[in-house]
Amino acid sequence: MKIKFGSIVSAAIVLCCWTAALGQSSKHSNPWEPAEISVIPPIASLDSGVWLKGDLHVHSRHSKESSNNPIAKILHFSKTVGIDYLAITDHDNHVLGDVANNTWVDPEFKSDSVILLYGAEWTTVRGHGNSISAIPYDHQRLYDVRDQRDVVIGAVKKGLGIHLSANHPAGPKDHFGYSYDIVESMEVWNSVVWPKNANSILIWDDMLSSGRKLTGRGGSDTHHGVPTGTEQETPNSKQAQYNYVGTPTTWVYAKSRTPQAVVDALTDGRVSVSQNPYAPRVEFYADLDRDGTMDMMMGDNIRSTGEVVAFRVQLTGKTVPTEPYTVKVIKNGSEFQTFKMKGDNPMVEFTDMPATSGRTYYRVTVEGPSTPYPEVPKSTEMSGNMVGLSNPIYFNFDPNF
Ligand SMILES: [Zn+2]
Ligand SMILES: [Zn+2]
């Protein structure tokens with residue numbers, strides 16, 4: 001058999017190139033790998049703010065499928081149960097985007113005790129989201145752009161300077177079908193029916209695990225009030241016994257008692273969610289140098305130093321001292337540890353060393369005895385033993401991601 005010299009050369013070239021290619025692939029470096037983060041902003045004060053409780057998803061009579069729920073009734077109720085802030089988020093498609101000349105100009109849209117945020121439920125073919133703002137903005141532009149590419153929507157939202165939040169992200173009929181890169185938060189606890197939020201929690205952990213510092217919040221999504229005076233009962237009126245303002249309640253640690261501070265706290269993730277306005281608040285802190293003084297809280301992000309960190313979970317408010325509360329710690333999307341706590345001021349502490357390379361986050365859920373909510377008397381039947389949940393404490397998350 002004659003072997004052509006040319007074939008040998010070709011084979012050698014192929015072999016040589018193949019070897020080189022192999023060598024190259026073993027040296028591949030992914031330019032998108034998390035890099036050393038140059039600057040993480042300092043942690044804000046842990047004691048100069050104010051805890052405020054509210055509901056970020058409420059429908060008034062300006063949503064066409066609501067019943068017996070004028071704004072004055074919502075606000076009167078909110079004041080009665082101690083709600084500090086409220087986002088009345090009527091369906092924008094019911095007024096073709098013109099919420100500014102419907103909900104916001106309603107003479108009842110004013111309060112001397114409740115901080116009123118400007119917003120609407122952005123109600124689109126691909127899903128629902130709540131826009132939230134401290135001041136009026138041009139909502140019509142967000143409505144008009146709803147079917148455009150996400151990159152266009154994101155730019156419009158940024159231009160409006162508003163907070164956008166994904167609603168009932170895993171809803172079977174109206175899941176959130178947009179990129180989560182256009183939102184600052186997501187509704188991880190929609191309405192009083194806690195168990196139906198399981199898939200939203202999965203989405204949240206996926207977003208967090210992939211480096212997105214995304215706030216989890218609650219929203220009652222209430223539509224129906226208790227008929228009073230001359231109002232007529234509707235087939236939906238009974239819902240007000242189960243689900244109304246505050247089921248669940250979203251707590252924010254705001255720098256001051258102003259609309260902008262509420263929105264900022266929401267964006268920053270200094271947020272926890274409780275079963276109702278009377279239920280205890282979940283607080284989650286970290287003590288970086290283990291000197292007994294807490295250095296950061298939910299929503300805060302810092303570089304891991306390789307030191308062991310002490311974490312503290314506590315319930316603040318009225319608890320049931322005779323019954324145990326179960327605290328589950330979730331680390332990077334997986335269950336990490338479970339604790340029991342009991343007493344008038346229940347608290348648990350644990351330690352762990354967040355990795356120095358790569359991101360780590362911890363968040364907690366608390367289950368236990370439910371707290372009666374007499375104004376929404378049947379709500380505790382639906383929320384079961386879910387007491388509250390925290391937002392994460394973050395390590396090595398890139399603030400410019
Ligand atoms: Zn909705
Ligand atoms: Zn809604």
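Scroll up a little and you will see the structure.
Residues numbered from 1 in each chain as written. Chains lettered and ligands numbered in written order. Predicted model: local features only at pLDDT ≥ 70, side-chain atom pairs only at ≥ 80, totals over all residues.

Counting its regular elements, the protein chain contains 8 helices and 19 strands. Considered along the principal axes of its C-alpha atoms, the protein chain spans approximately 105 × 55 × 40 Å. Buried positions account for 46% of the 401 residues belonging to the protein chain. (Helix = DSSP H or I, 4+ residues; strand = E, 2+ residues; numbered from the N terminus. Buried ≥ 20, exposed ≤ 12 C-beta atoms within 10 Å, placed from the backbone.)

With that settled, consider the nonpolar core. Grouped together as the largest cluster of nonpolar side chains are 79 residues, with contacts concentrated most on Leu117, Val252 and Val262. The element best represented in this core is helix 7 (residues 259-268), accounting for 5 residues. Those residues within four positions of Val252 in sequence are excluded, and the remaining contacts are Leu52, Val262, Ala265, Leu266, Arg270 and Val271. Judged by nonpolar contacts, the second largest core, of 6 residues, contains Val99, Ala120, Trp122 and Tyr143. (Core = buried A, V, L, I, M, F, W, Y, C linked by C-beta atoms within 7 Å. Contact = placed C-beta atoms within 7 Å.)

Here we come to the sheet that holds strand 10 (residues 281-287). Taken in spatial order, the 4 strands of this open sheet run 11-10-13-16, and their pairing is antiparallel. Across the chains shown, the open sheet's two edge strands, defined by having one partner strand only, are strand 11 (296-297) and strand 16 (347-352). In terms of strand pairing, strand 10 meets strand 13 (residues 309-316) through 7 bridges, oriented antiparallel. Across the sheet, Phe284 pairs through a bridge with Val313, a residue of strand 13. (Pairing = 2+ DSSP bridges.)

Moving on: the environment of Ser357. Turning to its location among the elements, Ser357 is positioned in the loop between strand 16 and strand 17 (360-367). You can call Ser357 exposed: it has 10 C-beta atoms within 10 Å.

This part takes up the pairing of strand 7 (residues 215-219). Look at any regular strand and the pattern is simple: side chains alternate between the two faces of the sheet. With 5 of 5 residues buried, strand 7 is to be regarded as a mostly interior element. Residues Thr215, Arg217 and Gly219 of strand 7 are buried on one face, and the alternating residues Gly216 and Gly218, pointing to the opposite face, are buried as well. Pairing analysis gives 5 bridges linking strand 6 (residues 185-190) to strand 7, with the strands arranged parallel. In the sheet register, Met186 faces strand 7, and the bridge partner there is Gly216. Following the backbone out of strand 6, through helix 5 (residues 198-209) and into the adjacent parallel strand 7, one traces a crossover that is right-handed. (Right-handed = clockwise from strand over helix to strand, strands pointing away.)

Considered for burial, the residues of helix 7 that qualify are Ala261, Val262, Val263, Ala265, Leu266 and Asp268. Two residues or fewer after helix 7 comes Gly269, characterised by a positive phi angle close to 85 degrees.

Right, let's get into helix 5. With 12 residues, helix 5 ought to run about 16 Å at 1.5 Å a step, and its terminal C-alpha atoms sit 17 Å apart, in line with that. Looking at the buried side of helix 5, the elements it contacts are strand 6, strand 7 and strand 17. The positive-phi residue at the C-terminal boundary of helix 5 is Gly211, with phi of around 100 degrees. (Expected span 1.5 Å × (residues − 1).)

At the junction of Thr247 and Pro248, the peptide bond is cis and its omega measures out at 5 degrees in the coordinates. Mapped onto the elements of the fold, Pro248 is located in the loop between helix 6 (239-242) and strand 8 (249-254). Of note, Leu96 is a non-glycine position whose phi angle comes to about 50 degrees, a positive value. Leu96 sits in the exposed class, given 11 other C-beta atoms within 10 Å.

Here we take up the pairing of strand 13. For strand 13 and strand 16, the ladder comprises 6 bridges, and the chain directions are antiparallel. Its bridge partner being in strand 16, Val309 is matched across the sheet by Asp352.

On to the environment of Ser237. Inspection of the secondary structure puts Ser237 in the loop between strand 7 and helix 6. With 170 residues separating them along the chain, Ser237 and Ser67 place their C-alpha atoms 7.2 Å apart. If sequence neighbours within four positions are ignored, Ser237 has contacts with Ser67, Asn68, His224, Val226 and Pro227.

The subject of this paragraph is the environment of Thr371. Along the chain, the position of Thr371 falls in the loop between strand 17 and helix 8 (379-383). With residues near it in sequence (within four places) discarded, Thr371 still touches Gln275, Asn276, Tyr278, Ala279 and Lys318.

Spatial relationships are all this shows, so hold off on functional conclusions.
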